[in-house]
Every structure is written in structure tokens, then in C-alpha cells.
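Listed below are the residues making up each chain.
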Amino acid sequence: MKISVTKCDLALVETDLLALPFSSIELEKEAGMTLAVLGFDLRVLKDFKAEAGEVVLLYGGSGKYSASRIALLGLGEGKSLDDWRKAAVSFAARTVEMKLENVAVDCSGIENFAVSTGQNVAILAAAFVEGCFGGSYKFDRLKSGKLDKKKSSSKSKGISELLLRVNAGAFKESEKGVAEGKIVGSCQKMARDLVNLPGNYLQAADIAKAAEESGKKYGYDVTVFQKKEIEALGMGGLLAVNKGSDHPPAFIILDYKPKGKVKSVVALVGKGVTFDSGGISLKPSENMGEMKSDMSGAASVMGAVEAAVRLELPLHIIGLIPATDNMPSATAQQPGDVITTHSGITVEVGNTDAEGRLILADALSYGKEKYKPDVIIDIATLTGACIVALGYAVAGFFSNNDKLAEEIFQAGQQSGEKVWRMPLWDLYDEQIKSDVADFNNTGGRGAGTVTAAKFLEKFIDGHNNWAHIDIAGPSFSPKGAGKVNGGTGFGVSLLLEVLKKMS
Ligand code: BES
Ligand code: MN
Ligand code: ZN
């Protein structure tokens, strides 16, 4: 997608579709005038309510504009960044639906909008571009197109050119925003692609390869521990989960050091289960295919690290990804097994389907010991219980540090990837006691999201600036749940926002 900013007269903009955004307030005050000047029938204002994301197409008019089509684009009340983003997403989705490739948006009001939303021009421009990446996203890599009547129709080209028209005073900031939006948008796309790739296309080694490619391209270090090294490090959690698999595990480390001064050392840990069958504690077969998304935490760490590198944030960031699938077989770990994790802590495996916490345990204790980070954040599709608690739109999170918790909450509000804090009270420890080992990996029926977090807490070795984010809900949209199906890339923008706050 080629994206540019122009100060050029709107009448001269040649494009397949020109969007004119209106908030509901502008709609009352100005829309009539604008449309009258352009020679459009004002009856359209009976249909267009300027609801966030609403798109109404207009044809005809006086021909004053060179654009082939005009669209009215709703911004809601014009007071929230979320609505602005929503407008961008649905504008892009519509252009893709209509197979239009060159599109433009009248952002002449972006400065006013910055005031009414309490944001700035660069942030709005970035969000619009991000929204366009999101709304035009398609995962069609695995479509052969063989049965399509028209040869080109199954693989959409998406938007090839996007033009933002701004006033001279907003030009520089808009260009800055566009550059950032492109980076974030493409990192989200990378994450979504990884999530959408099914188990037979994405094994631990493939995640490692994707990380290595990104590292090479953008100049940061990627190290991959193979099974031998994982054994030597005593990562008993990762090895236990991998026991049932025909594919070797990988422990992937992304390491970015900025050129200048380091403000903070941040460890980001992402769950990389390429497919979660449950293991011997097999999941029901209905919708089991969705468990190809069980490496969404890994994908969001990869996306956030790459974005941070490309934005040259002044942080030393270490991404840690334990990767494997979770399969049943004669060699698989069995319920009741006791394993020894990297930390030396022993765990009774009450349920082989609680595998995420076993591999994260190793990554957390290794990351803490090896890098002595100032902050540790892990992100994982960890519990179905989190979907029961908060649904598909919102992630649950935990932190043992109120300042970090507030930063993560605010990052959620700003990025639109909303998170809600849950408690880490010790009274929940009762549920993960074991008779034979230090802990059990399951905590029974109640508070499944909390007991998973309490389990992880055992492996940070007293670190006092840790957070755990459970993205089981928002990482993947089951078919028919909303406009987006499949991987959402949730976490990339959230983590990046947290990192920017630390910069
Ligand atoms: N990957 C799942 C959690 C999950 C469920 C993510 C649904 C996304 C959608 C995780 O490994 C799991 O199976 N958790 C178990 C834990 C239980 C056995 C204690 C769960 O949530 O049922
Ligand atoms: Mn599981
Ligand atoms: Zn899982």
C-alpha cells in the first residue's frame, strides 16, 4: 500500500473513491453546504447519520471533483479516537469490497478533530493508516484460485494507493503519523498472518524462521535454541508439552538494543503454541481448529518488537517465545506427571490442556535470570475462562505493580485494544496446591484466569514489575462473531503503546 499526504486542492484529486468524513455535529452544520456545492441531492442526509464507520456512496453531482466516486464517512460524535479508527477500518473494508485500488480521504478537518478528541494530528493520521491496513486485510495465501471464474477475483489486491488530503498546517505532522501508521499496520498484518496460518503450515521452526527474517530485515538479533539447548537449559515445561509432538520445540529470543541510551530493559514473553489439541486431556473436537491461534501471544510479541525496532524506541527489548504444538500420542505427557521446570520448581500436570503456563513458566524464569529486565510482560491465549469473564473484545490482565498496571490500562484505552485488570490475591493459591509437587497446573473450576496468573507468578522469582495479559478472547474472532474472522493481531498495538510510554 502506497500512502501519501497532499495539500493539493481536493477538486483536483484523481481517485477511484474520495471519502468525506463528517461527525454528527458537522453533519448538522456543514454537510448540507458541502453537498450542495458539489451538486449532490440533499436527500442523502436523511439516510446518512454519521454513525462511526457508516459509509454512504454518492454518484453524479456537478462534476466539480475529479474523483470517480464520493463517499460520506461517519465519525460518530467526533470525540473519540476509537470512532476515528472505526471509520478508517470500514472505509478500507468497503473499498476492498468494491475492488477499488486508488482511494483518497479528505482530512482537511484533522486539526479540528485532534482538538475534539484530545489527540494530535500525527496520532490521528497514524490511526487512520492503521485502520486502513486492518480494514483491507485479507488472508488469502492458501486460496488456489483454481475454481474462480474470473482469474483475478479470489486474491484481492487490496488498496494500492491511499492519499490523505490535509491543510498546509497539518502536513508535516500527518506525514509523521503516516510513517508510523505504516509500520504499525504492517506489523499487525504480520501478526495476523502468523495467527491465521494453520498448524500444518506453522510449526515452532516456522515461527523461528519468521522471527529470523524480521531480525535480518530490520537489524536486530534473533537466537533460536533447538531441542538440545532447551534440554541443556532444563526447560522441563516446554519439553513436557512437546513430548507428544513429531515436531521439535524452539525457544526463540528477539533482542533489540537501541543505538543510543537505554531507558529501560523490557522482556516480552509470548505463548507460542502452534496448535493446542489439549494433549492427552484432549479438547472437544468442535471448533478445535481455532486452536491454530494459540500462538497469538508470540505473534503479538513479534509484531511489537519489530515495530519498536523500526520506530527506534530507546529501550532494550527482549522478546522470548517458547514454541511447540500440544499433541496427544504414546509419548505425550500424561495427567498426573510431575515435571521440573527451568526454575527448579516442580509441577504436577493435573491437565495437559493447561500447557501454556508450563511453557511460559520456563520463559519467565529464564528471561528474568538471564536479562535482569526492569519490566516483564507476558501475553498469552491462556484461558477459556477469560472469554467467559470478559468476552471476545477485551483482554484480562494482571500486574504486581500498580504503576505498570495503570500504564497497561491506559495503553489499552489509547490503542483501542482494551484490557481489564484482575486480582492477584494470594487467597487463590489454595486452588493450585499439589500433594506431590510444588504446584498443580490447574486450579479447578472457579477463577480459571486468576489461578493461571497465580501459577505464572511463581516463576518470576520475586520480580516486582511484572504483568500478564490473557488474550484468549480478542486474539481470534470465531467465524460469524463480527466483521473480522480469524486472527486480529490484538496485542501488537497495545504492547507498542506500553513501550512508547516507557520511552
Ligand atoms: N489455549 C487454551 C485457552 C484458550 C481457550 C484460548 C479458548 C483461546 C480460546 C489453553 O491452553 C487451555 O486449554 N486452557 C484451559 C485451562 C484449563 C485446562 C485449566 C482452559 O481454558 O480450558
Ligand atoms: Mn490448552
Ligand atoms: Zn493453549
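Scroll up to find the structure.
Anyway, here's the lowdown on the structure attached to this text. (Residues numbered from 1 in each chain as written. Chains lettered and ligands numbered in written order. Predicted model: local features only at pLDDT ≥ 70, side-chain atom pairs only at ≥ 80, totals over all residues. Heavy atoms only, no water.)

A word on the nonpolar core. Counting residues in hydrophobic clusters, the biggest one holds 60 residues, and the most contacted among them are I252, I377 and I469. Among the elements that line this core, the one with the most residues is helix α10 (residues 296-310), at 9 residues. With 44 residues, the next largest nonpolar core counts A267, I318, A361 and I432 among its residues. (Core = buried A, V, L, I, M, F, W, Y, C linked by side-chain atoms within 4.5 Å. Buried < 20%, exposed > 50% of the residue type's maximum accessible area, 1.4 Å probe, protein only. Helix = DSSP H or I, 4+ residues; strand = E, 2+ residues; numbered from the N terminus.)

Turning our eyes to something else, we now look at the pairing of strand β15 (residues 395-399). Of all the 5 residues making up β15, 5 are buried; the element is thus mostly covered by neighbouring parts of the structure. Residues A395, F397 and S399 line one face of β15 and the alternating positions G396 and F398 line the opposite face, and both faces are buried. Where β15 meets strand β16 (residues 419-421), 3 bridges bridge the pair, whose relative direction is parallel. In the sheet register, G396 faces β16, and the bridge partner there is W420. On the question of chirality, the crossover connecting β15 to the parallel β16 by way of helix α13 (residues 402-415) is right-handed. Where β15 meets strand β18 (residues 466-470), 4 bridges bridge the pair, whose relative direction is antiparallel. When the sheet's bridge partners are listed, F397 is paired in β18 with I469. (Pairing = 2+ DSSP bridges. Right-handed = clockwise from strand over helix to strand, strands pointing away.)

The next subject is the coordination of the manganese ion (ligand 2). The coordination sphere of the manganese ion (ligand 2) contains the protein donors D276 (OD), D353 (O), D353 (OD) and E355 (OE), at a distance range of 2.1 to 2.2 Å. One way to put it: the 6 donor atoms around the manganese ion (ligand 2) meet at angles of 72 to 169°, and that makes the site irregular. Donor residues for the manganese ion (ligand 2) sit on one chain with the sequence pattern D-x76-D-x1-E. (Donors = N, O, S within 2.8 Å, 3.2 Å for Na, K, Ca; no water. Tetrahedral: all angles 85-135°; square planar, octahedral: opposite > 155°, others 65-115°.)

Once that is clear, we can look at the coordination of the zinc ion (ligand 3). Protein-derived coordination of the zinc ion (ligand 3) comes from K271 (NZ), D276 (OD), D294 (OD) and E355 (OE), at a distance range of 2.0 to 2.4 Å. For the zinc ion (ligand 3), the 6 donor atoms are set out with angles of 78 to 175° between them, so the coordination reads as octahedral. Mapped onto the polypeptide sequence, the residues donating to the zinc ion (ligand 3) form the spacing pattern K-x4-D-x17-D-x60-E. Separating the zinc ion (ligand 3) from the manganese ion (ligand 2) is a distance of 3.1 Å, and D276 supplies a donor atom to each of them. Residue D276 is found in strand β10 (residues 272-276), and its partner D294 is found in the loop between β10 and α10; the two are separated by 18 residues along the sequence.

Let us now look at the sheet that holds strand β17 (residues 439-440). Pairing within the open sheet is mixed, and its 3 strands lie in the order β12-β13-β17. Of all the strands in the sheet, just β12 (338-340) and β17 have a single pairing partner and so form its edges. Two elements, β12 and strand β13 (residues 346-348), share 3 bridges in a ladder whose sense is antiparallel. Within β13, the position partnered with I339 by the bridge is V347.

Keep in mind these numbers describe shape, not what the thing actually does.
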